[in-house]
Amino acid sequence: YDEHGWLKPPVWLWFGWALLIRSVVVFVMAGASREQGADLLSLFYPSHSSLYTSLYLSLPIVFFMWLSSFKKPTRPFMLTLWKQGRWLTIMMVLIDLIMLIKSVIVNRGEFQLSSAILILLLSWFLIFLLRSKRVKICFSLA
């Protein structure tokens, strides 16, 4: 529990959020390595449109990661936004899963270990979001 008596986000939620913002991490790493930045981006995201789409989809998750430290009784608007976090995270996981499955279909079902691992991890994270009582309580602020 935090200093206001609300349940802190579980560690697995933080790991799942980190998985969802992997495009932001790759983008920052590419910016930090100036000479090899373009090569790094093209390694993980061959088309620019998939990179930009992933970055746009990561923004709400980055916002909720930031918002988790600003839950205070004196900020009712932020608390209202926080209560929507579970469903928004579920929606982002579903969109990310759809994008990954679409990329597998575009590649004609060619097996790629990275895609398989990401689909597995995102599926587990989705099950965690749907079944965890601690996540439900964390976002309900009860």
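Rules behind the numbers
- Residues numbered from 1 in each chain as written.
- Predicted model: local features only at pLDDT ≥ 70, side-chain atom pairs only at ≥ 80, totals over all residues.
- Heavy atoms only, no water.
- Axes fitted to C-alpha atoms, helices over the stretch in contact; angles between N-to-C directions.
- Helix = DSSP H or I, 4+ residues; strand = E, 2+ residues; numbered from the N terminus.
- Parallel < 35°, antiparallel > 145°, perpendicular 65-115°, else oblique.
- Left-handed = near helix turned anticlockwise from the far one by under 90°.
- Contact = heavy atoms within 4.5 Å.
- Nonpolar A, V, L, I, M, F, W, Y, C, P; charged D, E, K, R; others polar.
- Buried < 20%, exposed > 50% of the residue type's maximum accessible area, 1.4 Å probe, protein only.

Things to note about the packing of helix α2 (residues 22–32) against helix α4 (residues 48–67)
Close contact between α2 and α4 brings their axes to 7 Å; oriented N to C, the two are set at 115 degrees. Between α2 and α4, the interaxial angle falls into the category roughly perpendicular. Between α2 and α4 lies a crossing of left-handed hand. Contacts between α2 and α4 involve Ser 23, Val 24 and Phe 27 from the former and Leu 51, Ser 54, Leu 55, Ser 58 and Val 62 from the latter. Residue composition of the contact of α2 with α4, by class: five nonpolar, three polar and no charged.

Here's the deal with the packing of helix α1 (residues 11–20) against helix α7 (residues 113–131)
When two helices pack together, their arrangement is given by the angle between the helix axes and by the axis-to-axis distance. For the pair α1 and α7, interaxial distance at closest approach is 10 Å and the crossing angle is 140 degrees. The pairing of α1 with α7 is recorded here as oblique in orientation. The hand of the α1/α7 crossing is left-handed. When α1 is examined against α7, the residues Trp 12, Leu 13, Gly 16, Trp 17, Leu 19 and Leu 20 are found in contact with a partner set consisting of Leu 118, Leu 121, Leu 122, Phe 125, Phe 128 and Leu 129. By residue class, the composition of the contact of α1 with α7 is eleven nonpolar, one polar and no charged.

A word on the environment of Leu 130
Of note, Leu 130 is situated in helix α7. Judged by relative accessible area, which is 40%, Leu 130 ranks as partly exposed. Measuring from C-alpha to C-alpha, the distance between Leu 130 and Ile 90 comes to 7.9 Å, with 40 residues separating the pair along the chain. Those residues in contact with Leu 130, other than ones at most four positions away along the chain, are Arg 86, Ile 90 and Lys 136.

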